[in-house]
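# What the coordinates show
As a plain string of letters, each chain reads:
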Amino acid sequence: MRPNSSIDIGLQLLSMKQALGASALCSGVAANRSAKVLFGRPTFAQRLLNFSAAAAPKNNKKAPAPVAPPPPPPEEEEAEFMDDAFMDPMDSLAVPQRRRVLAMKDVQKQYDALHRDYQAELAQLQHKYNLKYAPLYDERRELFLGRKPVTDKYELEDDGEKDGPVPEFWLNALANHNKISPFISERDSEVLKYLEDIRSEVLVGEERGFKLSFHFAENNPHFKNKVLEKVYVLEPEDDVVPKHFTGTPIQWKEGCDTTVELQKRRVKGPKGDKSKPAFVTEKVPCESFFTLFDPPQVPNEESANSMSEEELEELEEVLSNDFEVGFAIKDQVIPRAVEWFTGEIAPLSDADYDDEYEEGEDY
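Reading the values: the criteria
The residue numbering used here restarts from 1 in each chain and proceeds along that chain's sequence as written. A pLDDT threshold of at least 70 governs which residues receive local features in this predicted model, and a stricter bar of 80 or more applies before side-chain atom pairs are shown or counted, although totals over entire chains, interfaces and linings include all residues. Note that the side-chain values use all heavy atoms of the structure and ignore hydrogens as well as water. UniProt positions are given in the numbering used here, feature names are shortened, and annotations may be inferred rather than shown by experiment. Put simply, DSSP marks the helices as runs of H or I at least four residues long and the strands as runs of E at least two long, and each gets a number from the N terminus on. Remark: exposure states derive from per-residue accessible area (1.4 Å probe, protein chains only) relative to the maximum for the residue type, with buried under 20%, exposed over 50%, and partly exposed in between. Only heavy atoms matter for contacts: two residues are in contact if any of them lie within 4.5 Å across the pair. All accessible areas in this document rest on Shrake-Rupley with a 1.4 Å probe, and a residue is counted as covered only by the protein chains that are shown. Patches here are clusters of residues that have more than 30% relative accessible area and form no salt bridge, with a 9 Å joining cutoff for like charges and a 5 Å cutoff for nonpolar side chains (Val, Leu, Ile, Met, Phe, Trp, Tyr). In the sections that follow, a salt bridge refers to a side-chain nitrogen of Lys or Arg positioned within 4 Å of a carboxyl oxygen of Asp or Glu. Here, strands pair whenever DSSP counts at least two bridges between them. The definition of a nonpolar core used throughout is a set of buried Ala, Val, Leu, Ile, Met, Phe, Trp, Tyr and Cys residues joined through side-chain atoms within 4.5 Å. The rule is short: rings of Phe, Tyr and Trp, with Trp giving its six-membered ring, pair when the centres are within 6.5 Å, and they are stacked under 30 degrees, edge-to-face over 60, tilted in between. In this analysis, the protein atoms alone were mapped onto a 1 Å grid. Cavities are point sets where a 1.4 Å probe fits without being able to get out; pockets are open sets with protein on both sides within 12 Å along at least five of seven lines; lining residues have an atom within 4 Å of a point. Grid points are joined across faces, edges and corners, and a volume is the space filled by probe spheres set on the points. Gly falls in the polar group here, along with every residue not listed as nonpolar (Ala, Val, Leu, Ile, Met, Phe, Trp, Tyr, Cys, Pro) or charged (Asp, Glu, Lys, Arg). Here a polar contact means two N or O atoms within 3.5 Å. Within protein one must be a hydrogen donor candidate and the other an acceptor candidate, and residues neighboring in sequence count only if both atoms are side-chain atoms. Under this scheme, a helix contributes an axis fitted over its contacting stretch, all axes are lines through C-alpha atoms, and angles between N-to-C directions fall in the 0 to 180 degree range.

Labelled according to an unreviewed UniProt entry, the protein chain appears under the name Nucleosome assembly protein, originating from Astrephomene gubernaculifera. Of the protein chain, the UniProt comment under Sequence similarities (unreviewed entry) reads exactly: "Belongs to the nucleosome assembly protein (NAP) family."

Right, here's the structure in full:
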């Protein structure tokens, strides 16, 4: 049966998913709502989609599409529901109650100011404990690399094999995480075999967020960088809404870039030319874990207005996945890397769960 740690991580993943709700894709209703925000600020996804709604349609067609006849008036109950769904609650309040709501919004502003102080102190506390964790992470790295001797035999009989580093430690730790593994390609796996350590630190300056540092072996044959960094800067009012991401440009060695693949494209010759067609080889972007270090920019209102709703939704999905991967590495993989390496902390897949359930059934 599953160890308790897998239940714990399931709860952690559920908590993370709930926390990330602010950066998830909006529902169809939210996407079609007016950009007006009645109370509070819009989520990142809503901001993107609202920019799109404010922009003119971009169908790039020469003639306008035919206009459909107006729909029949909605049933009374349906119309009433739609009015309720998009109505400003302030409209139904008398003036004295509106004053009370506005007074509560003043209280909310005081809370927000206090919460910013809390976040600043929390970042300092996290930074303090990251410094205390560092020696433990150093020891873990020395054990994984085979540099620190292990004196305890842990009730294991010698098998005659030579002592040495634990192979593919970080590759397996990352690949066993259900959120991260879908983004690791077979070519990425060859690169991640040279990953020696991952560290995180909290931003304690004016900007909020965190930074991940990926340390690679000296003999890594895939790129020249020894350390790749990824910085997540978040909006000051929210814990999970991204402001902008930055990554280290990777200095790939010839033929080793896992973020692109080579594709041949046929080139037509001049009309009437009966010689054999020519082909050119092009580099085409492909899915890769290492696109993490070349994230798309969070658009401002002007650039968002030039994008279609489909483009904005696609961008939102990319940024949301990017943040969830970084968040999982920081809060789950780094602190408990050995348990992710063994897989004991990884949640069961649906197929594994069904198999385990069938084996445990009593007939």
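## With respect to the overall build of the protein chain
Helix and strand content of the protein chain: 11 helices and six strands. Taken over 363 residues, the protein chain has a buried fraction of 32%. For the protein chain, long-range pairs separated by at least 24 residues make up 64% of all intrachain contacts whose partners lie at least 6 apart in sequence. With an accessible surface of roughly 24,600 Å², the protein chain has 53% of that area assigned to carbon and sulfur atoms.

## Let's talk about unusual backbone geometry
Phi at glutamate 155 takes a positive value of approximately 55°, unusual for a residue other than glycine. Mapped onto the fold, glutamate 155 is located in the loop between helix H5 (95-144) and helix H6 (169-175).

## Let's talk about a nonpolar patch on the surface
Judged by side-chain polarity, Tyr118, Leu122, Leu125, Tyr129 and Tyr133 come together as a nonpolar surface patch covering roughly 460 Å² of accessible area. By the secondary structure assignment, leucine 122 is in helix H5. Note on leucine 122: relative accessible area 31%, which makes it partly exposed.

## Concerning the pairing of strand S3 (residues 227-234)
S3 sits mainly inside the fold: six of its eight residues count as buried. As judged from the five bridges shared by S3 and strand S4 (residues 242-247), these two strands associate in the antiparallel manner. Paired with tyrosine 232 across the two strands is phenylalanine 245, which belongs to S4.

## Considering the nonpolar core
Among the nonpolar cores identified, the biggest contains 47 residues, and Trp170, Leu174, Ile180, Phe214, Phe289, Phe290 and Ile329 are the most heavily contacted of them. If you list the elements that add at least two residues to this core, you get H5, H6, helix H7 (186-192), strand S1 (195-202), strand S2 (208-216), S3, helix H9 (309-333) and helix H10 (337-342). Looking at this core element by element, the count peaks at nine residues for H9. Setting aside anything within four residues of it in sequence, one finds phenylalanine 290 in contact with Asp188, Val191, Leu192, Phe216, Phe223, Leu228, Ile250, Trp252, Thr258 and Thr259.

## What about the packing of aromatic side chains?
Scanning the entire structure with this criterion turns up 19 aromatic pairs. Between phenylalanine 214 and phenylalanine 289 the ring centres are 6.2 Å apart and the planes differ by 75°, which places this aromatic pair in the edge-to-face class. One end of the pair, phenylalanine 214, is in strand S2; the other, phenylalanine 289, is in the loop between strand S6 (278-285) and helix H8 (301-305), with 75 residues separating them in the sequence. We classify phenylalanine 289 as buried; its relative accessible area is 3%. For the ring pair phenylalanine 216 and phenylalanine 223, a centre distance of 4.9 Å and an interplane angle of 80° mean the geometry is edge-to-face. An aromatic cluster of at least three residues, connected via ring pairs, comprises Phe214, Phe216, Phe223, Trp252, Phe289, Phe290 and Phe293.

## Comments concerning the layout of surface pockets
Taken as a whole, the largest pocket spans an internal volume of roughly 880 Å³. Lining the largest pocket we find 25 residues, and of these Val150, Asp152, Tyr154, Leu156 and Asp163 sit closest to its centre. Of all the elements in the fold, those that place two or more residues in the lining of the largest pocket are H5 and H10. Looking at which element gives the most residues to the lining of the largest pocket, the answer is H5, with three residues. When grouped by side-chain class, the residues that make up the lining of the largest pocket number 11 nonpolar, four polar and 10 charged.

## Concerning the environment of threonine 259
Within the secondary structure layout, threonine 259 lies in the loop between S4 and strand S5 (260-267). On the accessibility criterion, threonine 259 (15% relative accessible area) is buried. Ignoring sequence-local partners within four residues, the contact set of threonine 259 consists of Trp252, Val284, Pro285, Cys286, Ser288, Phe290 and Thr291. Within the structure, the side chain of threonine 259 is placed 2.6 Å from the side chain of aspartate 257, a separation counted as a polar contact.

## Considering the sheet that holds S3
Remark on secondary structure: sheet strands pair via backbone hydrogen bonds, oriented parallel or antiparallel. With respect to topology, four strands assemble into an open sheet ordered S1-S2-S3-S4, the strand pairing being antiparallel. If you trace the sheet from one side to the other, it starts and ends with S1 and S4, each paired once. Ignoring which end each strand starts from, the neighbouring axes of this sheet average 10° apart. The sheet contact formed by S2 and S3 spans eight bridges and is antiparallel. Its bridge partner lying in S3, leucine 212 is registered against lysine 230.

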